[in-house]
Amino acid sequence: MVPVLIGAGVVAAVGAVVRAAVQFWPVVLAVAAAAGGGVWVWWAQERKRRALRARRVAALRVTPEQFDTLSPAAFEDAVRDLFARDGFTARRVGGRNDQAADVLADDPATGRRWMVQCKHTRTGARVGVRVLYEVNGTREAHRAHEMVVVTNGGFTADARAWATPRRIRLVDREALRLWATAGRHITELAVVQ
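Residues numbered from 1 in each chain as written. Predicted model: local features only at pLDDT ≥ 70, side-chain atom pairs only at ≥ 80, totals over all residues. Heavy atoms only, no water.

> Help me get a handle on the overall build of the chain, residues and values and all.
Per the secondary structure count, the chain includes eight helices and seven strands. The buried share of the chain, taken over its 193 residues, is 35%. Sequence-distant contacts, at least 24 apart, represent 54% of the contacts inside the chain between residues at least 6 apart. (Helix = DSSP H or I, 4+ residues; strand = E, 2+ residues; numbered from the N terminus. Buried < 20%, exposed > 50% of the residue type's maximum accessible area, 1.4 Å probe, protein only. Contact = heavy atoms within 4.5 Å.)

> Any chance you could break down the packing of aromatic side chains for me, citing the residues and the numbers?
The description of two aromatic rings rests on the distance between their centres and on the angle between their planes. In total, this model carries six aromatic pairs according to the counting rule given. Taken together, a centroid distance of 5.6 Å and an interplanar angle of 80 degrees make the contact between Phe 67 and Phe 75 edge-to-face. In this pair, the class of Phe 67 matches that of Phe 75, namely buried. Pairing Phe 83 with Trp 114 gives two aromatic rings, centres 5.9 Å apart and planes at 65 degrees, and the pair type is edge-to-face. Residue Phe 83 is located in helix H4 (residues 72-85), and its partner Trp 114 is located in strand E3 (residues 112-119); the two are separated by 31 residues in the primary sequence. As far as the burial class goes, Phe 83 and Trp 114 line up, both buried. Taking NZ or CZ as reference, Arg 166 lies 3.9 Å from the ring centre of Trp 162, over its face. (Phe/Tyr/Trp six-rings, centres within 6.5 Å; stacked < 30°, edge-to-face > 60°. Lys NZ or Arg CZ within 6 Å of the ring centre and 35° of its normal.)

> Can you break down the pattern of salt bridges residue by residue, with the values?
Within this structure, the stated rule accounts for 13 salt bridges. The partner of Arg 85 in a salt bridge is Asp 86, and the shortest N-O contact between them spans 3.5 Å. Taking relative accessible area as the criterion, Arg 85 reaches 10% and is therefore assigned buried. Among the residues examined, Asp 86 registers a relative accessible area of 8% and is labelled buried. Close ionic contact of Arg 160 with Asp 172 constitutes a salt bridge, the shortest N to O distance being 2.9 Å. Taken together, the residues Arg 160 in helix H6 (residues 157-163) and Asp 172 in the loop between strand E7 (168-171) and helix H7 (173-181) connect sequence positions twelve residues apart. (Salt bridge = Lys/Arg side-chain N within 4 Å of Asp/Glu carboxyl O.)

> Describe in detail the pairing of E3, supporting the description with residues and values.
Where burial is concerned, most of E3 is hidden: six out of the eight residues are buried. As paired elements, strand E2 (residues 103-107) and E3 share five bridges and run antiparallel to each other. Across the sheet, the residue bridging to Ala 105 is Trp 114, located in E3. With antiparallel pairing between neighbouring strands as the criterion, E2 and E3 make up a hairpin whose turn holds four residues, including Gly 111 at a positive phi of roughly 75 degrees. (Pairing = 2+ DSSP bridges.)

Laid out in structure tokens, this is it:
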């Protein structure tokens, strides 16, 4: 008996919805049109985002092996160019008395400044915690909101552990590969561990 009552209730509810749709068809049509327009706008924006990503990837693509052959200064230039590809206003500032900053990158979308320390290493080398000490100590000097260390190598366990509570973002060889060859955006990769 209960299933019959539930079935009758469902039929009655559907009938009420159909009667309301017939009675208020202009409202239903307007809601359907608005929903369809919203879906169309989202789809058009998604197509633009995908096209922009494809252009960014095509414009600058560097493999990990190519990073390995660069000089430290050329590595800094490549990192700067990757930030620019992602829509940042970026400049290389590395050199003597750079206060641990090799690249400063401003994100016009958020108004946030990223201070970047680049560590070009030999293959398989790991960046230690001492580099992070230096980076953390210069946050105010560069008026940076985000601190990031980029390497073509890796990071020691101590460096990773020390970076986390201080919100220093780490980009290791694999994240660098995804950034430089797959066109992933830096904000997707340089996450606080």
